[in-house]
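Close look at the chain arrangement
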Amino acid sequence: MYIVMIAPECAPAAKVGGLADVVFGLSRELEIRGNDVEIILPMYDCMRYDHIYGLQETYRDLWVPYYDRKVHCSVYFGFVHGRKCFFINDHSDKNFFNRGVFYGDHDDPERFAFFCRAALEFMLMSNKHPDVIHCHDWQTGLVPVLLFDVYKYLGMTHPRVCYTLHNLKHQGVVGEHILRQAGLNDTGYYYHHDRMRDNFNAFAVNLMKGGIVYSNFITTVSPNYAGEIKYSDESFGLGHTVHVHSNKFGGVLNGIDYDFWNPEIDGYIPYHYSADNPDGKYGNKDVLRDRLLLRKDYKPIIAYIGRLDHQKGVHLIRHAIFYALNNNCQFILLGSSPDPEINSHFWNLKHELNDNPDCHLELGYNEELSHLIYAGSDMIVIPSLFEPCGLTQMIAMRYGTVPVVRDTGGLHDTVFDAEYTYKSYHERNGYVFTNFDYAGIESALHRAIGMWYSYPQHFRELMTNAMRYDYSWNHPGEHYLNIYEYIREK
Ligand code: ADP
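Here the focus is the packing of helix α10 (residues 314–326) against helix α15 (residues 438–454). The N-to-C vectors of α10 and α15 enclose an angle of 40 degrees; their axes lie 10 Å apart at closest approach. By the angle class used here, α10 and α15 are oblique. The handedness of the crossing between α10 and α15 comes out as right-handed. Residue-level inspection shows H315, L316, H319, A320 and Y323 of α10 in contact with α15, the latter providing Y438, I441, E442, L445, H446 and I449. Counted by class, the contact of α10 with α15 contains 7 nonpolar, 3 polar and 1 charged residues.

What follows is the structure, given as structure tokens:
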């Protein structure tokens, strides 16, 4: 099958969060299974160009419709660790992708609406007729709309679109001018409640809603999050739309790349280990302590790796740091936040704890260090308010680091409590709490720390149980291929 992914991120060249890992990992799995996969991305100035091989201009003069004129673009091609990627480079005075950041500019909806139009224009001009186009998140929500209402009539016949919702918190809600920008000039038609009008703001269009309405199939990143979207307020207002389209909606659990995240061969960690022979983990623990100047005591290391965002439960992460330090543990945090308030809060905390030999806060994005922390820590906390899938718990488990998580979204599908679960003993792999408050996280940390000190053998079993789970792309890859086949036949 020939599949084109249109996405705002692809790891490791353009990565902000889990979406990037998914685009890379799923594409790789589909290729391993004999499919032809291409990825179309914006050509950001802030990408990790050292992860793109053989980058060269492949299409020189691409003229992309923009309001009633055309914008000059070119398209580059390069391999991102073996994946075939096309990068849209715009030469307009808007500099859509040369902003020094991936997201966070005032005109993000305009930037990505332009990207959608450019991606389709490129496919049309270069004669690409994939069996399936797979789009991701609000940034690409306009792709199916443009495909079915514009490009189908220009020669892209029988298009099929699978659209994946990675996080419903961000939907691309924007004024109706976006429709005219993209060339959808019959604005009244698109502004209809059944199409793109935002469910809350009667004066705005919702790009993600467009993606949901127009795609042939919609997935989200875990079965439990799929249920939460439909039956709780996790949908941020899109629940009704998903309900209306629930006959083409399902949850597919994300995977992680088992070659990239592999403690047996990981080039970023000095000691290699496996579930059958996990002792190398303790060597990494020593190296991690040396690197971050933590003292070497008989204590567990608890870690947090991830964005510092309201979604991730920042006040509970902060609480976990002090709870750990007061209960004979060490704490390592690796995180960054685009929110200046949260950022400065954690910088202050870092200064406050600077001299503490049991704690290290690393504020910033550091892929290499993340591997060593996954490998050297004993536990990882993930107290999210909501978590569509969550990759950190799966990566942590792969490295034998026991997750302590809140029972939400994909965390519910992947972490099974050491004591309170219907799972048999060898399937238990972590600690789970329900309430999004201090007492909630304390209850789980208390049990986890108690187990580490009092029953080290049991704790080690949890570790190896976690390592034996298969959260690779194997099953999800098969699942997505079934979905592609299904929509092709319709
Ligand atoms: P989200 O997509 O909500 O950010 P996920 O758990 O799905 O969260 O994915 C997070 C991914 O980003 C993981 O691969 C994690 O290791 C990585 N990551 C997050 N923050 C950092 C950081 N500061 N440094 C290195 N890697 C990070």
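Lining the immediate environment of the ligand, one finds 21 residues, of which G18, R307, G364, Y374 and L391 sit closest. G364 places a polar main-chain atom, nitrogen or oxygen, 2.8 Å from a nitrogen atom of the ligand. When the ligand is considered free in solution it has 560 Å² of accessible area, and contact with the protein chains removes 93% of it. The class makeup of the residues in the shell around the ligand is 6 nonpolar, 9 polar and 6 charged.

Within the largest apolar cluster, 98 residues are counted, with the highest numbers of intra-cluster contacts made by I40, L142 and Y484. The leading source of residues in this core is helix α2 (residues 108–125), at 11 residues. Leaving out residues up to four positions away in the same chain, L142 has contacts with A113, C116, A182, L184, M196 and L207. Counting 39 residues, the second-largest nonpolar core is a separate cluster that includes V221, L292, I301 and I380.

Assignment of secondary structure puts K299 in the loop between α9 (280–292) and β12 (301–307). Classification of K299 as buried rests on a relative accessible area of 8%. What K299 contacts, discounting residues up to four positions off in sequence, is K285, R289, N328, C329, Q330, D358, D378, W452 and Y453.

With that out of the way, let us pick up the pairing of strand β7 (residues 161–165). The element β7 is largely enclosed, with a buried count of 5 among its 5 residues. Both strand β6 (residues 132–136) and β7 contribute to a ladder of 4 bridges, which runs parallel. Its bridge partner being in β7, H136 is matched across the sheet by T164. A crossover links β6 with its parallel partner β7, the connecting element being helix α3 (residues 142–149), and its sense is right-handed. Bridge count between β7 and strand β10 (residues 217–220): 4 bridges; the pairing is parallel. Across the sheet, the residue bridging to C162 is F217, located in β10.

The next subject is the domain arrangement of the chain. As assigned here, the chain comprises domain 1 (2–255 + 474–488) and domain 2 (280–468). Here domain 1 and domain 2 have C-alpha centroids that lie 32 Å from each other. Taken together, the contact between domain 1 and domain 2 spans 19 residues of the former and 17 residues of the latter. Summed over both partners, the interface of domain 1 with domain 2 comes to about 1400 Å²; 57% of that surface belongs to carbon and sulfur atoms. Taken together, the links from domain 1 to domain 2 amount to 3 salt bridges. Linking D309 and K169 is a salt bridge whose minimum nitrogen-to-oxygen distance equals 3.8 Å. Counting residues per element, the ones that place at least two in the side of domain 1 that touches domain 2 are α1 (18–32) and α7 (223–231). Residue composition of the side of domain 1 that touches domain 2, by class: 6 nonpolar, 7 polar and 6 charged.

Attention now goes to the pairing of strand β16 (residues 402–406). Where burial is concerned, most of β16 is hidden: 5 out of the 5 residues are buried. Of the two faces of β16, the one holding V402, V404 and R406 and the one holding P403 and V405 are both buried throughout. Two elements, strand β15 (residues 379–382) and β16, share 4 bridges in a ladder whose sense is parallel. Across the sheet, the residue bridging to V381 is V404, located in β16.

In this section: the sheet that holds strand β17 (residues 431–433). Judged by pairing direction, the sheet is parallel, and its 6 strands sit side by side in the order β14-β13-β12-β15-β16-β17 without closing on themselves. For this open sheet the edge positions go to β14 (359–363) and β17, each flanked by a neighbour on one side alone. Strand-to-strand, the axes of this sheet are offset by a mean angle of 15 degrees, without reference to chain direction. Packed on one face of the sheet, helix α12 (residues 367–376) meets β12, β13 (330–336), β14 and β15 and runs near 145 degrees to β12.

For the rest of this paragraph, the subject is the sheet that holds strand β4 (residues 69–80). In a beta sheet, neighbouring strands are held together by backbone hydrogen bonds and run either parallel or antiparallel to one another. On the basis of which strands lie adjacent, the open sheet formed by 9 strands has the order β3-β4-β5-β2-β1-β6-β7-β10-β11 and mixed pairing. Of all strands in the sheet, those with a lone pairing partner are β3 (52–66) and β11 (249–251), marking the two edges. With strand direction ignored, the average angle separating the axes of adjacent strands in the sheet is 25 degrees. Pairing analysis gives 3 bridges linking β10 to β11, with the strands arranged parallel. Along β11, the bridge assignment pairs T220 with G251. Relative to β3, α2 is tilted by about 100 degrees, and along the sheet it contacts β1 (2–6), β2 (36–42), β3, β4, β5 (83–90) and β6. The strands touched by helix α17 (residues 474–489) within the sheet are β1, β6, β7 and β10, with β7 carrying the most contacts at an inclination of about 140 degrees.

Parameters at a glance
Residues numbered from 1 in each chain as written. Predicted model: local features only at pLDDT ≥ 70, side-chain atom pairs only at ≥ 80, totals over all residues. Heavy atoms only, no water. Axes fitted to C-alpha atoms, helices over the stretch in contact; angles between N-to-C directions. Helix = DSSP H or I, 4+ residues; strand = E, 2+ residues; numbered from the N terminus. Parallel < 35°, antiparallel > 145°, perpendicular 65-115°, else oblique. Left-handed = near helix turned anticlockwise from the far one by under 90°. Contact = heavy atoms within 4.5 Å. Nonpolar A, V, L, I, M, F, W, Y, C, P; charged D, E, K, R; others polar. Near = heavy atom within 4 Å. Polar contact = N/O pair within 3.5 Å; in protein donor to acceptor, adjacent residues only side chain to side chain. Areas by Shrake-Rupley, 256 points an atom, 1.4 Å probe, with all protein chains shown as cover. Core = buried A, V, L, I, M, F, W, Y, C linked by side-chain atoms within 4.5 Å. Buried < 20%, exposed > 50% of the residue type's maximum accessible area, 1.4 Å probe, protein only. Pairing = 2+ DSSP bridges. Right-handed = clockwise from strand over helix to strand, strands pointing away. Domains from an automatic or database assignment. Buried area = accessible area lost by both parts, 1.4 Å probe. Salt bridge = Lys/Arg side-chain N within 4 Å of Asp/Glu carboxyl O.

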